[in-house]
Amino acid sequence: MCFNLGRPPRPTKPLGQPTRGKTARNRLRKVDLFLLLYDAALIRRTDGMYSEAFYVDLGYGAEATTTLESAARLRALHPGLPVLGVEIDPQRVAAALTYADQLTHFRLGGFNLPLAAGETVRVLRAFNVLRQYEEAEVAPAWETMGDALLPGGLLLEGTSNPTGRVWCANVLRKTEDQLVQEALVFGTNFRAGFEPGIFQPVLPKNYIHRMLPGEPIYEFFEAWKRAARASLPVRTLGLRQWFVASAKGLAASGYRVELRHKFLKRGLLVWRLDSA
Ligand SMILES: C[S@@+](CC[C@H](N)C(=O)[O-])C[C@H]1O[C@@H](n2cnc3c(N)ncnc32)[C@H](O)[C@@H]1O
């Protein structure tokens, strides 16, 4: 059953501003992989309001590549998944519309999503978008994006390097009525080498200016660097093994880091921030 997907959304002024549109093929491949590992059930859900809930890619850039790639990857799990690409730049929307089909939509919009009445969202990804804003704009943008999410839904907001080999993202969960910072995830495919410092240039906007003694993100990196130094002999076995050993050391020092192999072996370090 399909409802509302063809109905035009209510016209509202998009919140935000057009920024550089640079993107690249496969740039967000690892982010998709992370999502599938982290919460596959959320992608598969079809109960109640989730029956037609969108996966939204906000700020897909000059080309629709990342949206189309995510649609293909996530539909391996949920073939009928509705996907919505949102851009604040009208020319980028016009260019993407060539790729629209019954399940794949592109619309002009901003942090206040262009949704029609009854349309819902399970996941909203905004990658390489907020880094071009001011730090003070982050929390209001999260809040606005969070308004569109169904309870249980996720906001993935992060930054990558141009190739996507190194990235970092905020993982925020919508509860019944608010957005909770659930985790901070760091991803690498090891082609850019490894040591914890490689993630500093791709920290999301809410952290990038906070690398100062006393700030939690700074102390986290200090602890990770200490753990990496302590496990340096493991580096001779390979960067992946060293990454895993450093994560274990970080966990041993008291940080709530995911130690499940499915994350670590793929170069994903998940730092849990919620109180669960
Ligand atoms: C650098 S591109 C990122 C492309 C892609 N997400 C990636 O990671 O490769 C940023 C895009 O976000 C768009 N953008 C910026 N603010 C936006 C907003 N508030 N709502 C929708 N799109 C926005 C810009 O127009 C630009 O095309």
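Every residue gets a number counted from 1 within its own chain, in the order that chain's sequence is written. Owing to the predicted nature of the model, reporting of local features is limited to residues with pLDDT of at least 70; listing and counting of side-chain atom pairs is limited to 80 or more, with chain, interface and lining totals taken over all residues.

*Asks:* Honestly, the overall build of the protein chain in this entry has me stumped. Any pointers?
*Replies:* For helices the rule is a DSSP run of H or I covering at least 4 residues; for strands it is a run of E covering at least 2, with both sets numbered from the N terminus onward. Of regular secondary structure, the protein chain possesses 9 helices and 8 strands. Based on C-alpha atoms, the radius of gyration is set beside the globule rule, defined as 2.2 Å times the residue count to the power 0.38. Relative to the 2.2 N^0.38 estimate, which gives 19 Å for 276 residues, the radius of gyration of the protein chain is 19 Å and therefore close to what a compact globule would have. With C-beta atoms placed from the backbone, a residue is buried if 20 or more other C-beta atoms are within 10 Å of its own, exposed if 12 or fewer are, and partly exposed between those counts. For the protein chain, the residues scored as buried account for 42% of the 276 residues in total. In the protein chain, the share of contacts with a sequence separation of at least 24, taken over all contacts with a separation of at least 6, comes to 66%. Any residue pair is listed as a contact if its two C-beta atoms, each placed from the backbone, are within 7 Å.

*Asks:* Where do I start with the environment of leucine 74 in this structure?
*Replies:* If you trace the backbone, leucine 74 turns up in helix H3 (residues 65-75). Residues leucine 74 and isoleucine 43, 31 residues apart in the sequence, show an inter-C-alpha distance of 7.1 Å. When near neighbours in sequence (up to four residues on either side) are disregarded, leucine 74 contacts Asp32, Ile43, Tyr55 and Leu81.

*Asks:* How should unusual backbone geometry be read in this particular structure?
*Replies:* What is expected of a backbone is that most residues other than glycine have negative phi and most peptide bonds are trans. The phi dihedral of asparagine 128 is positive, around 60 degrees, even though this residue is not glycine. By the secondary structure assignment, asparagine 128 is in the loop between strand E4 (121-127) and helix H5 (138-147). Of the residues examined, asparagine 128 has 27 C-beta atoms within 10 Å and is grouped as buried. In the Ramachandran plot, phenylalanine 190 falls in the positive-phi region, its phi being about 75 degrees despite a non-glycine side chain. One can find phenylalanine 190 in the loop between strand E7 (179-188) and helix H6 (205-208). A residue is classified by how many C-beta atoms lie within 10 Å of it, and phenylalanine 190, with 16 of them, is partly exposed.

*Asks:* For this particular structure, what's the right way to read the packing of helix H7 (residues 216-230) against helix H8 (residues 239-252)?
*Replies:* The relative placement of two packed helices comes down to the angle between their axes together with the axis-to-axis distance. Whenever a helix is involved, its axis is fitted only over the stretch in contact; in every case the axis is a line through C-alpha atoms, and angles between N-to-C directions fall within 0 to 180 degrees. Orientation of H7 relative to H8, taken along the N-to-C sense of each, is 125 degrees, at an axis distance of 8 Å. Between H7 and H8, the interaxial angle falls into the category oblique. Relative to H8, the crossing made by H7 is right-handed. Contacts from Ala223, Trp224, Ala227, Ala228 and Ala230 of H7 reach H8 at Ser246, Gly249 and Leu250. In the scheme used here, Gly and all other residues not listed as nonpolar or charged are polar, with Ala, Val, Leu, Ile, Met, Phe, Trp, Tyr, Cys and Pro taken as nonpolar and Asp, Glu, Lys and Arg as charged. Looking at side-chain class alone, the contact of H7 with H8 contains 6 nonpolar, 2 polar and no charged residues. Note that the term roughly parallel is reserved for angles under 35 degrees, roughly antiparallel for angles over 145, roughly perpendicular for angles of 65 to 115, and oblique for everything else. Crossing handedness is read from the near helix: turned anticlockwise from the far helix by less than a right angle, it gives a left-handed crossing, and turned clockwise, a right-handed one.

*Asks:* Explanation requested: the site of the ligand in the structure shown.
*Replies:* For each residue, a C-beta atom is placed from the backbone, and the residue is labelled near a molecule or strand when this atom is within 6 Å of it. Taken together, 25 residues are adjacent to the ligand, and Gly16, Gly21, Thr23, Gly59 and Gly61 come closest. Looking at the shell around the ligand residue by residue, the classes come out as 10 nonpolar, 9 polar and 6 charged.

*Asks:* What's the story with the pairing of strand E1 (residues 54-58) in this structure? I'm lost.
*Replies:* In regular strands, side chains alternate between the two faces of the sheet. The buried fraction of E1 amounts to 5 of the 5 residues, a majority that puts the element mostly inside the structure. The alternating pattern of E1 places Phe54, Val56 and Leu58 and Tyr55 and Asp57 on opposite faces, both of which are buried. Paired strands, in this sense, are two strands between which DSSP finds at least two bridges. Two elements, E1 and E4, share 5 bridges in a ladder whose sense is parallel. The residue bridging leucine 58 from the neighbouring strand is alanine 126, located in E4. Where E1 and strand E2 (residues 83-87) come together, 4 bridges link them in parallel fashion. Note on E2: the bridge partner recorded for aspartate 57 is glycine 85. Following the chain from E1 across H3 to the adjacent parallel E2, one finds a crossover that is right-handed. Handedness rule for crossovers: strands pointing away from the viewer, path from the first strand over the helix to the second running clockwise, crossover right-handed.

*Asks:* For this particular structure, what's the right way to read the nonpolar core?
*Replies:* Within soluble globular proteins, side chains that are nonpolar generally end up buried alongside one another. Judged by nonpolar contacts, the single largest core of 66 residues is most densely connected at Val56, Leu124, Met145, Cys168 and Val185. If we ignore the near neighbours within four places in the chain, the residues touching methionine 145 are Leu58, Phe111, Leu124, Ala126 and Leu155. Note on terminology: a nonpolar core is any set of buried Ala, Val, Leu, Ile, Met, Phe, Trp, Tyr and Cys residues joined through C-beta atoms within 7 Å. Of all hydrophobic cores here, the second largest spans 5 residues; its members include Ala64, Val93, Ala96 and Phe106.

By themselves, these observations are geometric and do not establish any function.
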